[in-house]
Amino acid sequence: MSKKASYQGTPWHNFSGPNLGYVIEVYEQYLSNPDSVEPDLKQLFDQWGAPAAIVEEESTKGQADVSFQLPTNPNLLSKMVAAVKLADNIRTYGHLAADINPLDDKEKENRRIELSEYNLTEEDLKQVPASFISPNAPSNLQNGLDAINHLKKVYTKKLAFEYHQVHELEEKNWLQQQIESESFYPSLTKEQRINLLNRLSEVEGFEKFLHRTFVGQKRFSIEGVDTLIPLMDRIISLTVETGTRTVNIGMAHRGRLNVLAHVLEKPYKMIFSEFQHAPNKDLIPSEGSIGITYGWTGDVKYHLGADRRLKRGSTANTRITLANNPSHLEVVGPIVDGYTRAAQENRGKSGYPEQDVASSVAISVHGDAAFPGEGIGQETLNMGQLKGYNTGGTIHIIANNMIGFTTESSDSRSTKYASDIAKGFEIPIVHVNADDPEAVFAAAILAYKYRQKFHKDFVIDLIGYRRFGHNEMDEPMVTNPLMYNIVKSHPTVKEIYAERLVEKGLISKEEIAKMESDIQERLQKEYDTAVSGKEEDHDIAMNPPEYVMNGLQQYKTNVGIEELKTINSELLQWPESFNVFQKLSRILKRRENILDGEGKIEWAHAESLAFGSILKEGTPIRFTGQDSQRGTFAQRNLVLHDEKTGEEFIPMHHLSNVNSSFVVYNSPLTEAAVVGFEYGYNVFAPETLVIWEAQFGDFANMAQVYFDQFISSGRAKWGQKSGLVMMLPHGYEGQGPEHSSGRVERFLQSAAENNWTVANLSTSAQYFHLLRRQAATLGTEGVKPLVLMTPKSLLRHPLASSTVDEFTEGAFNPVLEQTGLGQNKEAVERIVLCSGKVAIDLEEHLKNESELDWLHILRVEQLYPFPKKDIETIISSYPNLKELVWVQEEPKNMGGWMHVDPYLRGVAPKGVDVKYTGRRRRSSPSEGDPTIHKKEQNRIIQEAFTR
């Protein structure tokens, strides 16, 4: 409870209860004889007057909002203030009272927007000017009562708004103006309304046909959020009409078949063919064509994506893409954002790419349980305004059926709405009743207009229900009886809208029946075509195409000395006025004379030369990762900073004769969303060398779903090619488990069918050539991802550095022979094979050994595809060989051993043993104690050199 506001400025507010009673009693004595009271109290009475006259009765009104309370005897000014507070609360809390739940089974919260809670009457509001309440309201409003009623109508109907989390004043004011003027609501003609009804009939008719024809088969029906299709139609139409050339859609499986059929226009007969489990191959386009691709293993029908070309009026062709997506629901979101950023950028000149956010739009469709439930959603929202990842605003649609699998919302999230997580990123949200197609259209228009103006994300919470179980084999009455008792008797949105149009006299029931029968007739005709083309002879081999299995062709990757000198010189130039940190400047300037034969080229130097040469050959480069501009180990420094002004300078942007862009971005502190984004970017920009770097290799664990479901298997499942490079710092330096292993074994376990290259290199020249080889494969049939275990302690190690002629005359070698060993071929009895950093450990140990004619060491630089023929050729020249020994730092159940063991047994000559040296099998990748690590590492090296 509160007192009158003016009371707070007097000394009397410090008195209460008996003390206040005493002061009032003394004041009455003061009135009879002022000099009879104590001087201090007399002075207060003289100055402040009577406490009893100021103290008002406690107000009992306004408890809906304790931040504002009216006095007991309010005047016109306080009534106006109350009216403004009421209006603000309608804007803020109107969604709680809105008609946004089609099942109408939740009690609405009206208290915050009731006049009585503010001690206001309708007569009070009539005294307040309408413009004082809502400056954006229609001009026909006569007074404050009209304005309040208008706001109640606007904010509590079937479209509700949450935008007070938006801090930018211009955006907030714009949203308020749009909402209260209702300028974004469409005024549909009779023809448009009938077309909308026809669209709803197609959506519902398709699902009913599937339900009837393929009884019990999973389809994850759209029914209950049918208006998702007209919503997407409207967004796409608006963007295409204003020149958007690419629309990229990501969604999980709920409603996906309907989106494929109606938004992507995938032929009905192709979908029916997939339900037959024996697709008609005549209907399957070849890999790389616009349409649906299957790879060679294929995927279930509700994971597949599609492409479509669309032309509206005089606009250029627009490409509409639905991204392939497994059942990991939200993981497709960053991929679609990556598609979109790639489509927006012009990479045809040096420097940063030119980005046109209007040229491409991303639409992400989420489930109401998955959006708040899966952390990848938050990661993706966080990237929305970052310079390396923003797409000018993704339009997010929550296909909200108020249930997750069979779990009630109350068990699946801690927030009121599924959309609430977006508030933390200041994203405006609209909630719309999925049973009102015209309100859904309005939501689409507002989302489009906001993105177009502010280039930021927008969320549409499309609130519907799910007519059947999670899939069509579930019985929802078992787990959700209350909801499904309502659903059973609830009419479909098509039925509701049809009745509405009949009541308006826009269409007859007979015309509606004809519309529905025509749709069913067309579906039956398409089904009959699919059945007639069904192939009973299944191709069970599912072999990859020959061009995939043939491996890589030979590429010239060496670069002439003069070209390297030019690149090197240009990378060491910066403006005279630019103040590079002195210590860093000295380090970089050491590279000046190395190409004149005065030293060796270390890892980061080799990388810079590779990047420069790749750019000069016309290949754009995009490189991201946590701290990648500097390099996790302070080795790279591709972006220089003026130590006085903080200004950035990127030498790669100032190379001569370059017509390709270069960017290196420090990524947000996440792995999953960034890997997804880079994969998507690479798929949509196949001519670009796209690199993602983990801060430490083990951190890639957080992105495992992308390696498993997309990067390793995307081509086999969907025919989706990728040349993404993943750099994973790997090597045992005694820094504990998570800073040691890049988990090479996981990538090798998924290695098959030439799906990617897995390499663990030991020299900077090898790194140089492998990067250039990867760039050369881009855009070819031989392209594949590259998983690269990169070093830490080797970055500046003299033995990992390479001579100039290894760059100008060399090439990438899948296997390297240790120099100084294996020359006496008759004497060699043991060949040690290893990969990566441990090879340098072995080479370092050579100086401590003598009489090693019996030993040779091979470095397997490329673990997959395994260089079997190269190794066979080498070992065949040693006639007295007795054993092949695989040496690794990692535990026996990790690293390369489990992968190479069968290969080594296959190449070992008869009578030659295959052995293992390394750490024993462990659950953790490495020791946490550096002393114990050192002892174990020494043991492994000693064993390799002990006969």
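These numbers were taken from a predicted model, which means no experiment stands behind them.

Caption draft 1: View of the sheet that holds strand 4 (residues 318-322). The mixed open sheet is built from eight strands, whose spatial order is 1-11-12-8-7-2-4-3. Two strands in the sheet have a free side with no partner beyond their single neighbour: strand 1 (159-162) and strand 3 (306-310). Along the sheet, successive strands turn relative to each other by an average axial angle of 15°, direction set aside. Of the strand pairs in this sheet, strand 7 (residues 360-367) and strand 8 (residues 394-400) are connected by six bridges, and their pairing is parallel.

Caption draft 2: Expanded view of empty space enclosed by the protein. Under the definition given, this model contains five cavities of 30 Å³ or more. By volume, the largest cavity is sized at about 130 Å³. As for the largest cavity, its lining consists of 15 residues, and the residues nearest its centre are Leu571, Arg591, Ser608, Asn637 and Pro651. Only helix 22 (561-571) and helix 24 (603-616) provide two or more residues apiece to the lining of the largest cavity. Residue contributions to the lining of the largest cavity peak at three residues, all from helix 24. A breakdown of the residues in the lining of the largest cavity according to their chemical character gives nine nonpolar, four polar and two charged.

Caption draft 3: Representation of the pattern of salt bridges within the structure. Overall, the coordinates contain 52 salt bridges when judged by the stated rule. A salt bridge links glutamate 607 to arginine 636; the nearest nitrogen and oxygen atoms lie 2.6 Å apart. With glutamate 607 in helix 24 and arginine 636 in the loop between strand 13 (621-625) and strand 14 (640-641), this residue pair connects regions lying 29 residues apart in the sequence. Three or more residues are tied together by salt bridges with common partners; here these are Arg193, Asp436, Glu438 and Arg500.

Caption draft 4: Here's a closer look at the confidence of the model for the chain. Confidence in the prediction for the chain averages 88 pLDDT; 91% of positions are at 70 or higher. Confidence drops under pLDDT 50 across residues 1-7; counting only partners more than four residues distant or on other chains, this segment forms 18 contacts. Below pLDDT 50 for its whole length, residues 278-292 participates in 37 contacts with residues either more than four positions away or in separate chains.

Caption draft 5: Inspection of the packing of aromatic side chains at higher detail. Applying the stated criterion across every chain, the model contains 32 aromatic pairs. Ring centres 5.4 Å apart and planes at 20° place the aromatic pair phenylalanine 206 and tyrosine 268 in the stacked group. Of this pair, phenylalanine 206 sits in helix 9 (residues 190-213) while tyrosine 268 is found in helix 12 (residues 268-275), placing the two residues 62 residues apart along the sequence. Both residues of the pair, phenylalanine 206 and tyrosine 268, belong to the buried class. When the centroid spacing of 5.6 Å and the interplanar angle of 50° are considered together, the rings of phenylalanine 578 and phenylalanine 649 count as tilted. Residue phenylalanine 578 is located in the loop between helix 22 and helix 23 (582-589), and its partner phenylalanine 649 is located in strand 15 (residues 648-649); the two are separated by 71 residues in the primary sequence. For phenylalanine 649, a relative accessible area of 10% corresponds to the buried category. An aromatic cluster is defined as three or more aromatic residues linked by ring pairs; in this entry it consists of Phe206, Phe209, Phe214, Tyr268, Phe272 and Tyr527.

Caption draft 6: Spatial organisation of the environment of leucine 833. In this fold, leucine 833 is placed in strand 22 (residues 830-834). Overall, the relative accessible area of 1% leaves leucine 833 in the buried class. Between the alpha carbons of leucine 833 and leucine 884 there is a distance of 7.2 Å; along the sequence they are 51 residues apart. Beyond its immediate stretch of four places on either side in the chain, leucine 833 contacts Leu858, Val860, Ile871, Leu884, Val885, Trp886, Val887 and Leu904.

Caption draft 7: Expanded view of the layout of surface pockets. Here the second largest pocket defines a volume of roughly 730 Å³. In terms of lining, the second largest pocket is formed by 25 residues, of which the most central are Leu552, Arg773, Pro814, Gln862 and Pro865. Counting residues per element, the lining of the second largest pocket draws most heavily on helix 32 (residues 868-875), which supplies three residues. A per-class count over the lining of the second largest pocket returns 11 nonpolar, nine polar and five charged.

Caption draft 8: Inspection of the sheet that holds strand 24 (residues 862-864) at higher detail. The strand order 16-13-17-18-20-19-24 describes an open sheet built from seven strands, whose pairing is mixed. Lying at the two open borders of the sheet, with one neighbouring strand each, are strand 16 (662-666) and strand 24. Ignoring which end each strand starts from, the neighbouring axes of this sheet average 20° apart. In the packing of helix 29 (residues 764-777) onto the sheet, the strands contacted are strand 17 (689-693), strand 18 (725-729), strand 19 (757-760), strand 20 (786-790) and strand 24, and the crossing angle to strand 20 comes to about 165°.

Caption draft 9: View of the packing of helix 9 against helix 19 (residues 493-503). At a closest axis distance of 9 Å, the pairing of helix 9 and helix 19 adopts a crossing angle of 155°. Comparing the axis directions of helix 9 and helix 19 gives the class roughly antiparallel. Where helix 9 crosses over helix 19, the two elements pack in a sense that is left-handed. Facing helix 9, whose interface residues are Arg193, Ile194, Leu196, Leu197, Leu200, Ser201 and Glu204, helix 19 presents Val493, Lys494, Tyr497, Ala498 and Leu501. Grouping the constituent residues of the contact of helix 9 with helix 19 by class yields eight nonpolar, one polar and three charged.

Criteria and cut-off values
- Residues numbered from 1 in each chain as written.
- Predicted model: local features only at pLDDT ≥ 70, side-chain atom pairs only at ≥ 80, totals over all residues.
- Heavy atoms only, no water.
- Pairing = 2+ DSSP bridges.
- Helix = DSSP H or I, 4+ residues; strand = E, 2+ residues; numbered from the N terminus.
- Axes fitted to C-alpha atoms, helices over the stretch in contact; angles between N-to-C directions.
- 1 Å grid on protein atoms, 1.4 Å probe; cavity = no way out; pocket = protein on both sides within 12 Å on 5 of 7 lines; lining within 4 Å.
- Points joined across faces, edges and corners; volume = space filled by probe spheres on them.
- Nonpolar A, V, L, I, M, F, W, Y, C, P; charged D, E, K, R; others polar.
- Salt bridge = Lys/Arg side-chain N within 4 Å of Asp/Glu carboxyl O.
- pLDDT = per-residue confidence, 0-100.
- Contact = heavy atoms within 4.5 Å.
- Phe/Tyr/Trp six-rings, centres within 6.5 Å; stacked < 30°, edge-to-face > 60°.
- Buried < 20%, exposed > 50% of the residue type's maximum accessible area, 1.4 Å probe, protein only.
- Parallel < 35°, antiparallel > 145°, perpendicular 65-115°, else oblique.
- Left-handed = near helix turned anticlockwise from the far one by under 90°.

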